[in-house]
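Structural overview
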Amino acid sequence: MSKIANVSPAEVHSNTLGNVRTGLSADAIAEALINNLHCLQAKLPQHATRNDWYMALAYTIRDRMMERYMATVASIAETSTAAKVVAYLSAEFLTGPHLGNSLINLGIWQNVEEALSRVGQDLPLLLEQEEEPGLGNGGLGRLAACYMDSLATLNVPAIGYGIRYEFGIFDQLIRDGWQVEVTDKWLRFGNPWEIVRSEITFDVKLGGRTESYQDEEGRYRMRWLPERMVKGVAYDTPVPGYRVPTTNLLRLWKAEATESFDFEAFNVGDYYGAVNEKVASETISKVLYPNDEPEAGKQLRLAQQYFFVSCSLQDMLRLLQMRGETLDEFHLYWATQLNDTHPSIAVAELMRLLVDEHTMEWDRAWTITQQTCGYTNHTLLAEALERWPLPLFAKLLPRHLEIIYEINRRFLDDLRRRYPGDDQLLGRLSLIDEAGDKHVRMAHLASVGSHAINGVAALHTNLLKQTVLRDFYRVTPEKFLNVTNGVTPRRWVALSNPKLSALITRHIGDRWIANLEDELQHLEPLAIDVDFQRDWQTIKADNKRALADLIKERTGILVDPHSLFDIQVKRIHEYKRQHLNALYLITLYNKLRRNCSAAGTSRTVIFGGKAAPGYRMAKLIIKLINAIALTINLDPVVSQRLKVVFLPDFNVKSSHRVYPAADLSEQISTAGKEASGTGNMKFAMNGALTIGTLDGANVEIRDAVGHENFFLFGLTAEEVEQRRAEGYTPHSLYVSNPELRETIDLIASGFFSSGDRELFRPLVDSLLTRDDYMLLADYQSYVDCQQRASDAYANRNDWARMSILNTARVGRFSSDRSIREYCRDIWKIRLAASDER
Ligand SMILES: *Cc1c(COP(=O)(O)O)cnc(C)c1O
């Protein structure tokens, strides 16, 4: 018989259900595959397509999670367990494909491989078949997914609440060097991982007006007379922990038309009108908004936020009542985490539900709201802080605006007592921005309504206290704390880098997968072991070949796996400075054109990432990178030493091939702009060295891996501020640095745009006149640092040593560590003894 992962009591019990649904042996899985192919896909093996086999396999695996998922749901709704439950509210969950991760976490990878080979199928091909749910933009949504994995792995009962977007983040094509967006039809072939909970639905009111009335007991109350109503339907996706009994759930809401709202009354005889209402209702969960777009007029986005928050809180109240607890206990039972301000309307909605719908006293409701909510801030960029124009807000959520005014009145009254005469302070802290067109400040609502406010890296939290939330820090310093982000080693090492995982396990055992902080450091002595270095290098070379194959397939470009793989993958944004990397490429190109000796380090510079559809400068940066790539890759001499690739459609699935193949990780944002970054952690875990600024978690990564194993350049956040204050003039840097001037002139001359001097003018002008992100200030430091990296790479054994040390020392960037800290410092959840460190 084959090896079986930890078997829970539930599993033992489930044997009575029959082996076909639950058995974990290769035999049982093979039988289930044929069975599902027959019953669910209605196909005989000889007629089945690859997608049929994928679906049959997905259902086979989902079956094997049902027992544990149901047990967790039951425990959440039962009195017997005293455990607090985490409600992780997030507008985005970028889970990535489910199949491979489920096999890792259930511990049945080998059995499934064997079962598939018995029916003549190949696991890698079926893994490739899965279409990923792109229900997030990038880092923030991916963080939520890592946290769900860690919560389950640490046996913390949790529900991830969000939106089941019908269209996730767009697919990116590159045409003539430009980004083209294509709608993401991820549900086209069905989604085998979700379970529709048609019985779990909630009505959500929208628009209309409010009125006062006296209730039966003579109390003065408010009620909301909405203009329309939509229904949220729950779709659950099980989230299995790594080889533990806990299987949590993602509960995503789909918007549908309500039955209870009487269409007939409004549309007598108007059948098409009624259908239009239905269509209008369903648009709420239709599409994920790309970030970095102007917020103006996006009423639908506010509706989305309110929709999922309202459904989630109503569900939480329902589960509390099922458990037989009173509403007074809400905060003892639920730890509600707000992932950025997108769900911050929860503060007003919970107040409305408790006060208006459940007749609770305001003060009691307010204590409960503050005690349950925690707010995670993800950005210092002023333009990314959510603010809703007052008229738009009032039109959609009239009752919430009244509640926010009342919260604000009490908040400001309290401040007036504590800081008499300081009207400026009150104005700065107010939930309403009174300057110009009035706005509701969502970060202020979240901050006032939460007992804890956290940044996502040490530097970020410090800057929060000094900048965007400075006044909140002054009046409630006790609320502030840091929880540095982390990433799950299950997906980001075990799944995406199987060869490295096997090597690590061979030397230090497999406990690192669930215990990265304690175990990975045991690799450290091996950093100077020449045999281990050789194995390490062989695996990196294999991973680079696999990425080279993907590059060939997607772009037609041939790259040399022996060259230094220098990679920058992340959303395209000016603050992330892909264009600084581009300036370096042109500089290197100029240098190699003058003197291209065969000796020296060869590089393959790889970019990947999507630009928001409305962000023109980001799209121009993509065009510039592709234009540079075209010139360099076609140059018969320079291309011997340098290749440039823009890998289209960077997403979780393709990222599995990217992070493990990197020698050098580009983390080059303007200091003070990147809150944390998590790509930086994934690269380092997979043995890439970082070239980076002192920004976000780079600071902590550098301290962890050792300063001598990190390529540091650029101004510090403090220096950036100082330069700005002194009056920064990028043009003078351009004038005084001949290499820089030559680089920028080459772009401006039309060299990369067939003589067109206009194409890149907006980019050149922005650099020479404002340079908001200080590329020119960091340019020389970056070029020099790249040279140091090239020189270091010439000594491959020494590079391997540094690479091993990077992996060995980044155990603390596991999301398990982050979740332990959230449990201890914010949610006040005690972990089971075996999950304590
Ligand atoms: C990790 C990840 C990100 C975040 O990358 P950063 O470098 O931290 O910006 C974005 N997109 C995907 C697909 C990721 O996996």
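Computed from a prediction, not measured in an experiment: that's the story for all the values here.

Digging into the site of the ligand
Close to the ligand lie 14 residues; Lys 570, Lys 576, Thr 678, Gly 679 and Lys 682 are nearest. Interatomic distance of 2.8 Å between a side-chain N/O atom of Lys 570 and an oxygen atom of the ligand. Residue Gly 679 places a main-chain N or O atom 2.9 Å away from an oxygen atom belonging to the ligand. Surface burial for the ligand is 95%, taken as the share of its 390 Å² of free accessible area covered by protein chains. When grouped by side-chain class, the residues that make up the shell around the ligand number five nonpolar, six polar and three charged.

Thoughts on the pairing of strand S9 (residues 247–257)
Of all the 11 residues making up S9, 11 are buried; the element is thus mostly covered by neighbouring parts of the structure. Residues of S9 alternate between two faces, with Thr 247, Leu 249, Arg 251, Trp 253, Ala 255 and Ala 257 on one and Asn 248, Leu 250, Leu 252, Lys 254 and Glu 256 on the opposite face, all of them buried. Relative to S9, strand S8 (residues 228–240) runs antiparallel, the two sharing 11 bridges. Counterpart to Val 233 in the pairing with S9 is Lys 254. Taking the residues between adjacent antiparallel strands as the criterion, S8 and S9 are bridged by six residues, where Arg 243 takes a positive phi near 50°.

Here's the deal with the sheet that holds strand S2 (residues 158–163)
The sheet built from nine strands is open, its strands ordered S5-S8-S9-S2-S1-S10-S11-S15-S16 with mixed pairing. The sheet terminates laterally at strand S5 (195–206) and strand S16 (480–482), the two strands that pair on one side only. Each neighbouring strand pair of the sheet contributes to a mean axis angle of 25°, computed without reference to strand direction. Against the sheet, helix H10 (residues 271–282) touches S8 and S9, its axis set at about 145° to S9. Against the sheet, helix H11 (residues 299–322) makes contact with strand S1 (85–89), S2, S5, S8, S9 and strand S10 (334–339), and its axis sits at roughly 115° relative to S5, the strand it touches most.

Here's the deal with the confidence of the model for the protein
Mean pLDDT over the protein works out to 94, with 95% of the residues at or above the 70 mark. Note that pLDDT drops below 50 for residues 1–5; the model gives that stretch eight contacts with residues more than four away or on any other chain.

Side note on the sheet that holds strand S22 (residues 711–712)
Read from one edge to the other, the open sheet built from six strands follows the order S19-S18-S17-S20-S21-S22, with strand pairing classed as parallel. Edge positions in the sheet fall to strand S19 (642–646) and S22, since each has one partner strand and no second. Bridge count for strand S20 (residues 664–667) against strand S21 (residues 689–692) is four bridges, and the pairing is parallel. Residue pairing for S21: Leu 664 is matched across the bridge by Leu 689. Most of the contacts of helix H35 (residues 796–808) go to S21, to which it runs at about 85°, and overall it touches S20, S21 and S22.

With respect to the packing of aromatic side chains
For the structure shown, the criterion picks out 20 aromatic pairs. Pairing Tyr 88 with Tyr 147 gives two aromatic rings, centres 6.1 Å apart and planes at 85°, and the pair type is edge-to-face. With Tyr 88 in strand S1 and Tyr 147 in helix H8 (residues 139–153), the pair connects residues that are 59 residues apart, well separated along the chain. Tyr 147 matches Tyr 88 in its accessibility class, with the two residues each being buried. Both rings, one in Tyr 659 and one in Phe 683, keep their centres 4.7 Å apart while their planes meet at 75°; by these two values the pair is edge-to-face. A residue pair is termed long-range when its members are at least 10 positions apart, and Tyr 659 in the loop between helix H27 (652–658) and S20 and Phe 683 in helix H28 (residues 679–685) qualify at 24 residues. On the accessibility criterion, Phe 683 (0% relative accessible area) is buried. Taken together, Tyr 88, Phe 93, Tyr 147, Tyr 822 and Trp 827 form an aromatic cluster joined through their ring pairs. When the ring centre of Tyr 235 is taken as reference, the NZ or CZ atom of Arg 164 above it lies at 4.0 Å.

Observations regarding the pairing of strand S3 (residues 171–175)
Sheet topology note: the S3/strand S4 (residues 178–182) ladder contains five bridges and is antiparallel. From the neighbouring strand, Arg 175 faces S4, where its bridge partner is Trp 178.

Points about H11
Taking 1.5 Å as the rise per residue, H11 with 24 residues should run 34 Å; its terminal C-alpha atoms sit 34 Å apart, in good agreement. Most of H11 is tucked away: 19 of the 24 residues are buried.

Thoughts on the environment of Gln 537
Along the chain, Gln 537 turns up in helix H24 (residues 530–555). Once the C-alpha coordinates of Gln 537 and Ile 159 are considered, the two residues, 378 residues apart in sequence, prove to be 41 Å apart. When sequence neighbours within four positions are dropped, the list of residues in contact with Gln 537 reads Arg 796, Asn 797 and Ala 800.

What to know about the pattern of salt bridges
Counting across every chain of the model gives 61 salt bridges. Note that Asp 542 and Arg 545 form a salt bridge whose closest N and O atoms lie 2.6 Å from each other. With Asp 542 and Arg 545 both in helix H24, this residue pair falls three residues apart, about one helical turn. For Arg 545, a relative accessible area of 39% corresponds to the partly exposed category.

Structural notes on the nonpolar core
Membership of the largest hydrophobic core comes to 191 residues, with the highest contact counts inside it found for Trp 334, Phe 393, Ile 407 and Trp 827. The element that contributes the greatest number of residues to this core is H11, accounting for 12 residues. Each residue touching Trp 334, except ones within four places of it in the same chain, is listed here: Ile 76, Lys 84, Val 85, Val 86, Ala 87, Ile 159, Tyr 161, Met 316, Leu 319, Leu 320 and Thr 372. By size, the runner-up hydrophobic cluster in this structure holds 57 residues, among which are Leu 500, Trp 536, Ile 567 and Ala 697.

Observations concerning unusual backbone geometry
The backbone of Met 774 sits at a positive phi, close to 60°, despite the residue not being glycine. At Lys 828, a residue that is not glycine, the phi angle is positive and equals roughly 55°. Tracing the chain through its elements places Lys 828 in the segment after helix H36 (815–827).

Some points on the state of the cysteines
One pass over the structure, following the stated rule, counts zero disulfides. Just so you know, Cys 823 is unpaired, no disulfide at all, and the nearest cysteine sulfur is the one on Cys 146, 16 Å from it.

Some words on the environment of Leu 99
Mapped onto the elements of the fold, Leu 99 is located in helix H5 (residues 99–106). We classify Leu 99 as buried; its relative accessible area is 0%. For the pair Leu 99 and Ile 61, spaced 38 residues apart in sequence, the C-alpha separation works out to 7.8 Å. Excluding its chain neighbours within four sequence positions, the residues that come into contact with Leu 99 are Tyr 54, Leu 57, Ile 61, Leu 126, Leu 127, Glu 130 and Trp 193.

Observations regarding the domain arrangement of the protein
Considered domain by domain, the protein is made up of domain 1 (1–81 + 103–130), domain 2 (88–97 + 132–485 + 821–835) and domain 3 (561–813). Relative placement of domain 1 and domain 3: their C-alpha centres are 44 Å apart.

So, the packing of helix H22 (residues 498–508) against H24
The interhelical angle for the contact between H22 and H24, taken along N-to-C directions, is 160°, at an axis separation of 9 Å. Considering their axes alone, H22 and H24 lie roughly antiparallel with respect to each other. As for the relative orientation of H22 and H24, their crossing is right-handed in sense. Contacts between H22 and H24 pair Lys 499, Leu 500, Leu 503, Ile 504, Arg 506 and His 507 from the former with Phe 532, Asp 535, Trp 536, Ile 539 and Asp 542 from the latter.

Conventions and cut-offs
Throughout, residues of each chain are indexed from 1 in the direction in which the sequence is written. Residues qualify for local features only when their pLDDT is at least 70, as the model is predicted, and side-chain atom pairs are given and counted only at 80 or more; totals for whole chains, interfaces and linings, by contrast, use all residues. The side-chain quantities take in all heavy atoms of the structure and omit both hydrogens and water. Throughout this document, a residue counts as near a molecule or strand when at least one of its heavy atoms sits within 4 Å of that molecule or strand. Residues adjacent in sequence count toward polar contacts only when both atoms are side-chain atoms; beyond that, a polar contact is any pair of N or O atoms within 3.5 Å, and within protein one must be able to donate a hydrogen and the other to accept it. Only the protein chains shown count as cover for residues, and all accessible areas are computed by the Shrake-Rupley method using a 1.4 Å probe. Three classes are used, and their members are as follows: Ala, Val, Leu, Ile, Met, Phe, Trp, Tyr, Cys and Pro are nonpolar, Asp, Glu, Lys and Arg are charged, and the others, Gly among them, are polar. Categorising residues by exposure relies on relative accessible area from a 1.4 Å probe, with only protein chains included: less than 20% of the type maximum marks a residue as buried, more than 50% marks it as exposed, and the intermediate range marks it as partly exposed. Put simply, DSSP marks the helices as runs of H or I at least four residues long and the strands as runs of E at least two long, and each gets a number from the N terminus on. One bridge is not enough; two strands pair if DSSP finds at least two bridges between them. Axes, fitted as lines to C-alpha atoms, cover a helix only where it is in contact. Angles between the N-to-C directions of the axes lie from 0 to 180 degrees. In this description, contact between two residues means that some pair of their heavy atoms is separated by no more than 4.5 Å. The predictor reports its confidence for every residue as pLDDT, a score running from 0 up to 100. The criterion for an aromatic pair is that two Phe, Tyr or Trp rings (for Trp, the six-membered ring) have centres within 6.5 Å, with stacked assigned to planes under 30 degrees apart, edge-to-face to planes over 60 apart and tilted to the rest. Charges are assigned to positions over rings by a cutoff of 6 Å between ring centre and Lys NZ or Arg CZ, combined with an angular limit of 35 degrees from the ring normal. Each residue after the first adds 1.5 Å to the expected span of a helix. Put simply, a salt bridge is a Lys or Arg side-chain nitrogen that is within 4 Å of an Asp or Glu carboxyl oxygen. Among buried residues, those of type Ala, Val, Leu, Ile, Met, Phe, Trp, Tyr and Cys that are joined through side-chain atoms within 4.5 Å constitute a nonpolar core. When two cysteine sulfur atoms are found within 2.5 Å, that pair is recorded as a disulfide. Segmentation of the chain into domains, including their bounds, is taken from an automatic or database domain assignment. Just so you know how the angles are binned, under 35 degrees is roughly parallel, over 145 roughly antiparallel, 65 to 115 roughly perpendicular, and the rest oblique. Crossing handedness is read from the near helix: turned anticlockwise from the far helix by less than a right angle, it gives a left-handed crossing, and turned clockwise, a right-handed one.

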